[in-house]
Amino acid sequence: MSWIRRIKRGNQVYLYEVTSIWEDGRPKQKMIQYLGVESDQEKVPKPKTKRMHPERIYPLQSLVAGDVMLLWQIAESLNIINTIDRYVMGLEDIEGPSPGKYLLSWAINRILDPESATQLDAWVRSTVLPDILGMEPTDFTKDAYLRSLDAICSQSHKTGRIQSHIPTIEVELYQRWRQLHPLPVQNPETIAFDLTPIPTYGTECPLIEPGSETHETHLNQLNLSVMTSFFDSYPISHFVHPGSFHSITTVPDLMIRLNDLMTAPGTIVWDRGYTSNAEIGCVEDEGWKLICGVAKRTKEVRDLLSVTEPPVDPYHLVPTQCMHIYAQKVDTPLFGRKGSVVVYLNAERRFREMEARNGIIFKIQQELAELQKTCSRLGRDTVIEKVDRIVPKAYRKFFRISVDDGEKGVSLVWEVNDVARVEAERLDGKYLLYASDPSLSAADVVRIYFEKDYVEKVFRDLKTFEEVAPIRHRRESRVLGVIFVCTLALRLKTALRVMLETEGKKEMSAEELLKKLGRVHRVDLQKDTEREIWYTGLQKKTQAVLERIGMRGIFGTNVRET
């Protein structure tokens, strides 16, 4: 095989026909013939050169797109915007701004960048939200968001009463969720219910009061309770209570909301702080079953725990995620009700409680002994005051102490009340559970009760990722509206988690997927006379996850994978 080689000398280009040969194991060129000067010889045309004319491309803007578009698609499947707009404005599929669009964009912000809440309008304009919501970037203002809060929850100027669409909106959102994700056949809803304090600024809102956490946060608080599905951890509904609101009084509100949901009676699981005879009756009278802890407040409960000792053996062991529990079913009624009464023992906690009590009693004895050496030189009232400081109120039952005036001055005599100490040790690490269904075994009751910790994960999500606290609004209606936005964000994230988990193998968490999609930007380009849109920064692994959860086409075809 031969080819033409061009060799330039001065202003002339000389042409040679050459070929390639091997000599001594190396390639060399061998001239076959000289062809003459370029373009002078017949049939020796000047080689054609191809000139590239690159298209003129000008970038116009780059907007955050990946995570925003995924959450928006989920919201569309749940019909969130239309549900809010229908109750607030009586319309659906509204062109341009609407309360549903504003509140959805706010909820998406709480998931992706809650720290930018004070610059919410600027954050929205840095994303594709204005385009996908059919709004102008200038529509997103602070006043527009506040008006949207007032649209779903407001306070009457005449009566001062709160007028809220939030409960009815939540009912419809839950019913929509169950249409898309139905419960297993003949398996009624099991609900976990719990309460947590939310620190907040200001004192104008009547919900904000000093609470048990005030000494730690230096802020007032309100209380938030959430009702969550055991089946898929979906947040069904929420309630907001004053900061010093006693948790037991929330149960009647819970039953009213469950009736509004029009769901078949199932099982409610709650912590021991809510349990009393009246509250159990409130639930069971509505046809619901109950599994709950029972506090040690009453003598009936303390006596039952004191005389029951679950055997520490393999036959009574109930393994849980973080501890070993030994449980025993007790054949006795509680509050006059015949259900499943279970006493369980946490052996590790029993040892820790006994160690802590013994250590404190030992320290108190040492301090009393030191005081005894000098009490004769002190007045009786001074000695009593010092004794009160040495012995905490909770530990006075473990001591018998007498302070008397004598000929040689004040005397201090004490001894440890071992009877009270032994009685306390009988309660260490032991707790009581109650279940309405008498057919449940001790292991069943314990497992279902401890599996309610997913509601704790809901609170952790709200406080850590959505940063619901501290709340900075002053009006009661707006405080309620902001908490609704945070629970709306929680619904979106829960829906994403369910989508990832139903695929069998979970390659990444919802937080990891959103973080990777946060790198995907929409780039608007001016290409000669045409405008093009490209999505950049999408990784192949992330694209594969999107395909598995049914979100393959959210970016269209103009995608630049990395």
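Residues numbered from 1 in each chain as written. Predicted model: local features only at pLDDT ≥ 70, side-chain atom pairs only at ≥ 80, totals over all residues. Heavy atoms only, no water.

A few words on the overall build of the chain. From N to C terminus, the chain includes 19 helices and 20 strands. The buried share of the chain, taken over its 562 residues, is 45%. Put simply, 62% of the contacts in the chain that link residues at least 6 apart link residues at least 24 apart. Here the chain has roughly 30,000 Å² of accessible surface; of this, 50% comes from carbon and sulfur atoms. (Helix = DSSP H or I, 4+ residues; strand = E, 2+ residues; numbered from the N terminus. Buried < 20%, exposed > 50% of the residue type's maximum accessible area, 1.4 Å probe, protein only. Contact = heavy atoms within 4.5 Å. Areas by Shrake-Rupley, 256 points an atom, 1.4 Å probe, with all protein chains shown as cover.)

Within the fold, E476 resides in helix α17 (residues 476-501). Among buried Asp, Glu, Lys and Arg side chains, E476 stands out as unpaired, with R161 the closest opposite charge at 10 Å. When near neighbours in sequence (up to four residues on either side) are disregarded, E476 contacts I162, C205, P206 and L207. (Lys, Arg positive; Asp, Glu negative; His and termini not counted. Salt bridge = Lys/Arg side-chain N within 4 Å of Asp/Glu carboxyl O.)

In this section: the sheet that holds strand β3 (residues 26-37). In a beta sheet, neighbouring strands pair by backbone hydrogen bonds and run either parallel or antiparallel. Strand order across the open sheet formed by three strands is β1-β2-β3, with antiparallel pairing between neighbours. Each having just a single partner strand, β1 (2-9) and β3 make up the two edges of the open sheet. The average angle at which neighbouring strand axes cross in this sheet is 40°, direction not considered. Strand direction decides the pairing type here: strand β2 (residues 12-23) and β3, joined by ten bridges, are antiparallel. Its bridge partner lying in β3, E23 is registered against R26. (Pairing = 2+ DSSP bridges. Axes fitted to C-alpha atoms, helices over the stretch in contact; angles between N-to-C directions.)

This next bit is on the packing of helix α6 (residues 142-152) against α17. Working note: a packed helix pair is described by the angle between its axes plus the distance between those axes. Interhelical geometry of α6 versus α17 gives an angle of 95° and a closest axis separation of 9 Å. Here α6 lies roughly perpendicular to α17, going by the angle between them. Residues L146, L149, D150 and I152 of α6 pack against S477, R478, G481, V482, F484 and V485 of α17. Here the residues of the contact of α6 with α17 are counted per class, giving six nonpolar, two polar and two charged. (Parallel < 35°, antiparallel > 145°, perpendicular 65-115°, else oblique. Nonpolar A, V, L, I, M, F, W, Y, C, P; charged D, E, K, R; others polar.)

In this model helix α1 (residues 66-78) runs 19 Å from its N-terminal to its C-terminal C-alpha over 13 residues, within 8% of the 18 Å that 1.5 Å per residue would give. Of all 13 residues that make up α1, ten are buried, and the element is covered over most of its length. Along α1, the residues classified as buried are G66, D67, V68, M69, L70, L71, W72, I74, A75 and L78. Among the residues trailing α1, N79 stands out with phi positive, at a value near 60°. (Expected span 1.5 Å × (residues − 1).)

Let's shift gears to the pairing of β2. Summarising the sheet, β1 and β2 pair through eight bridges and their orientation is antiparallel. Bridging from a neighbouring strand, I4 pairs with E17 of β2. Here β1 folds back onto β2, and the loop between the two strands holds two residues, one of which, G10, carries a positive phi near 65°. Count of turn residues in the β2/β3 antiparallel hairpin: two residues, of which D24 carries a positive phi of about 55°.

Moving on: the side chain of R357. Position of R357 among the secondary structure elements: in helix α12 (residues 347-374). Ignoring anything within four residues of it in the chain, the contact list for R357 reads Y395, F398, R421, A424, E425 and D428.

What follows is about the pattern of salt bridges. Going through the model one piece at a time under the given rule, you end up with 27 salt bridges. With a closest N to O distance of 3.8 Å, D437 and K289 form a salt bridge. Taken together, the residues D437 in the loop between β17 (430-435) and α15 (442-450) and K289 in strand β11 (residues 289-294) connect sequence positions 148 residues apart. The exposure class of K289 is partly exposed, given its relative accessible area of 42%.

What follows concerns unusual backbone geometry. Phi is positive for D93, which is not a glycine, with a value near 50°. Tracing the chain through its elements places D93 in the loop between α2 (80-89) and α3 (99-112). Among the residues examined, D93 registers a relative accessible area of 61% and is labelled exposed. Even without being a glycine, F335 presents a positive backbone phi close to 55°.

Before going further, it helps to examine the environment of P252. In this structure, P252 sits in helix α9 (residues 251-261). Of the residues examined, P252 reaches a relative accessible area of 38% and is grouped as partly exposed. Counting along the chain gives 30 residues from P252 to C282, while the straight-line C-alpha distance between them is 7.1 Å. What P252 contacts, discounting residues up to four positions off in sequence, is E279 and C282.

Among the nonpolar cores identified, the biggest contains 105 residues, and L70 and L492 are the most heavily contacted of them. The element best represented in this core is α17, accounting for 14 residues. (Core = buried A, V, L, I, M, F, W, Y, C linked by side-chain atoms within 4.5 Å.)

With that settled, consider the packing of aromatic side chains. The relation between two aromatic rings is expressed through the spacing of the ring centres and the mutual angle of the planes. Applying the stated criterion across every chain yields a total of eleven aromatic pairs. Measuring from ring centre to ring centre gives 5.3 Å for Y535 and F555, while their planes differ by 40°; the resulting arrangement is tilted. Of this pair, Y535 sits in strand β19 (residues 530-538) while F555 sits in the loop between α19 (540-548) and β20 (559-561), and the two are 20 residues apart along the sequence. Note on accessibility: Y535 and F555 belong to one class, buried. Among the aromatic residues, those joined into a cluster by ring pairs are Y102, W106, F140 and Y145. Over the aromatic face of Y431 sits the side chain of K296, whose NZ or CZ is 4.6 Å from the ring centroid. (Phe/Tyr/Trp six-rings, centres within 6.5 Å; stacked < 30°, edge-to-face > 60°. Lys NZ or Arg CZ within 6 Å of the ring centre and 35° of its normal.)

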